[in-house]
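Spelled out, the chains give:
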Amino acid sequence: MELHILEHRVRVLSLARPGLWLYTHPLIKLLFLPRRSRCKFFSLTETPEDYTLMVDEEGFKELPPSEFLQVAEATWLVMNVSHSGAGVQAAGVTKIARSVIAPLAEHHVSVLMLSTYQTDFILVREQDLSVVIHTLAQEFQIYREVGGESVPVASDDSSNGFSRDQHGPSPTVHPIQSPQNRFCVLTLDPETLPAIATILIDVLFYSHSVPKEAASGCPESSSIPFFAFSLIEGYISIVMDAETQKKFPSDLLLTSSSGELWRMVRIGGQPLGFDECGIVAQIAGPLAAADISAYYISTFNFDHALVPEDEIGSVIDILQRRQEGLASRDP
């Protein structure tokens, strides 16, 4: 397998909901005019708490500082895995759980994940790159994209003999919730983006109520506002709930031939932060062992896994048993 370190240097930001009005103009530019902004990596995810932005350096220039914008300190590098000759297997983050996610967690490398319709992006802090290369060099042929060319990376050129101690503290057990939304993972031909522009603007900037299917009761059983849009290297990926999808013309949004719907597992009872390692591994590992596909979207405060709708009961059971096992190890 090949691991590609892409050219993007990404910043991760949280935009407070009350400040959305201040950023409508630059966000519209990033959404609909990427040639004008020269941004090649743009992701915007709405959650109940805020909006998470992942943008490259050109996109970051478009966002003026304000009291509403919180910027994570680190610069993140983007990687993805190229599979060749792969047979039928689980899709999404679970297919890289054993080869990428688990080894990085063992070496205390914090990762963010951004699954899209097309691929799964792994984000690591720039300062951790040498450890990443050293950790994954035996499993992968590693390439770094430079000026559009793939340049092989030799592990001994980057690791400087450094490997982190693999025996760290036990991972924190984070609570999980499963809102009732049923989600679609979709793509769109960029040429048809103008045709849905007004609907997309309405959904992102003006429709802030909880989806219609939300039920009264405890927060775990109700629906939540969640919408993810990414435009990365010319490819569009959208995650929205089934109620929101009804607002869009069905002939423009593309999904898999099965038209599969997904349910969410939301990870974290309070903001997770960026320093803790192994959060993605806690979810991806057990799902990979059960051969269950999952999309995974990290945000500024919480993580979100999307699993096939008909597997949600099994997933909750698997993850709860995993949590109980981890909790029982704590002194």
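Residues numbered from 1 in each chain as written. Predicted model: local features only at pLDDT ≥ 70, side-chain atom pairs only at ≥ 80, totals over all residues. Heavy atoms only, no water.

Caption draft 1: Expanded view of the nonpolar core. The biggest cluster of nonpolar side chains holds 45 residues, and the ones touching the most others in it are Val93, Ile122, Val124 and Tyr296. In terms of residue count, the dominant contributor to this core is helix α9 (residues 279–289) (seven residues). When residues no more than four places from it in sequence are discounted, the contact partners of Val124 are Thr75, Trp76, Leu77, Met79, Leu104, Val109, Ser110, Val111 and Val132. Counting residues in hydrophobic clusters, the runner-up holds 38 residues, among them Leu15, Val55, Leu204 and Phe248. (Core = buried A, V, L, I, M, F, W, Y, C linked by side-chain atoms within 4.5 Å. Buried < 20%, exposed > 50% of the residue type's maximum accessible area, 1.4 Å probe, protein only. Helix = DSSP H or I, 4+ residues; strand = E, 2+ residues; numbered from the N terminus. Contact = heavy atoms within 4.5 Å.)

Caption draft 2: Structural context of the layout of surface pockets. Of the volumes computed, that of the second largest pocket is approximately 410 Å³. Together, 17 residues line the second largest pocket, and Phe32, Pro34, Arg35, Pro190 and Leu231 are the ones closest to its centre. When contributions to the lining of the second largest pocket are tallied by element, the ones reaching two or more residues are α1 (20–32) and α2 (34–37). Class assignment of the residues belonging to the lining of the second largest pocket gives a composition of eleven nonpolar, one polar and five charged. (1 Å grid on protein atoms, 1.4 Å probe; cavity = no way out; pocket = protein on both sides within 12 Å on 5 of 7 lines; lining within 4 Å. Points joined across faces, edges and corners; volume = space filled by probe spheres on them. Nonpolar A, V, L, I, M, F, W, Y, C, P; charged D, E, K, R; others polar.)

Caption draft 3: Just the packing of helix α4 (residues 97–106) against α9, in detail. Following both chains from N to C, one finds α4 and α9 inclined at 150 degrees, their axes separated by 10 Å at the closest point. Crossing handedness for the pair α4 and α9: left-handed. In contact with Ala97, Arg98, Ile101 and Ala105 of α4, α9 contributes Val280, Ala281, Ala284, Gly285, Ala288 and Ala289. Its residues placed into classes, the contact of α4 with α9 shows eight nonpolar, one polar and one charged. (Axes fitted to C-alpha atoms, helices over the stretch in contact; angles between N-to-C directions. Left-handed = near helix turned anticlockwise from the far one by under 90°.)

Caption draft 4: Structural detail: the confidence of the model for the protein chain. Residues with a pLDDT of 70 or more make up 85% of the protein chain, whose mean pLDDT is 86. Note on residues 85–89: pLDDT is under 50 here. Beyond four places in sequence and across chains, it has three contacts. Low pLDDT, under 50, characterises residues 158–164; the stretch is placed with 14 contacts to residues that sit more than four places away or in other chains. (pLDDT = per-residue confidence, 0-100.)

Caption draft 5: Empty space enclosed by the protein, seen in detail. The final tally for this structure, using the stated rule, is four cavities of 30 Å³ or more. The space that makes up the largest cavity amounts to roughly 110 Å³. What lines the largest cavity is a set of 17 residues, among which Val111, Leu112, Gly273, Ile279 and Asp303 lie closest to the centre. Size it by volume and the second largest cavity reaches roughly 70 Å³. Lining the second largest cavity are ten residues, with His174, Ile176, Gln282, Ile283 and Gln323 positioned closest to its centre. Secondary structure elements with two or more residues in the lining of the second largest cavity: α9 and α10 (312–329). Per-element tally for the lining of the second largest cavity: the top contributor is α10, with four residues.

Caption draft 6: Representation of α9 within the structure. Within α9, nine of the eleven residues are buried, which leaves it mostly tucked inside the rest of the structure. Within α9, burial applies to Ile279, Val280, Ala281, Gln282, Ile283, Ala284, Pro286, Leu287 and Ala288. With its phi angle positive at about 60 degrees, Asp291 sits one or two positions after the end of α9.

Caption draft 7: Representation of the environment of Leu253. Relative to the helices and strands, Leu253 is located in the loop between α8 (242–245) and β14 (262–267). Relative accessible area serves as the criterion here: at 8%, Leu253 is assigned to the buried category. Residues Leu253 and Ile238, spaced 15 residues apart in sequence, show a C-alpha to C-alpha distance of 9.0 Å. Leaving out residues up to four positions away in the same chain, Leu253 has contacts with Leu186, Thr187, Leu188, Ile238, Met240, Gln245 and Phe248.

Caption draft 8: Local environment of the side chain of Arg263. Here Arg263 lies in strand β14. In this structure the side chain of Arg263 is engaged in a polar contact, spanning 3.2 Å, whose partner is the side chain of Ser178. Not counting chain neighbours up to four residues away, the residues in contact with Arg263 comprise Ser178, Pro179, Gln180, Asn181, Arg182, Ala305, Leu306, Val307, Glu309 and Ile312. (Polar contact = N/O pair within 3.5 Å; in protein donor to acceptor, adjacent residues only side chain to side chain.)

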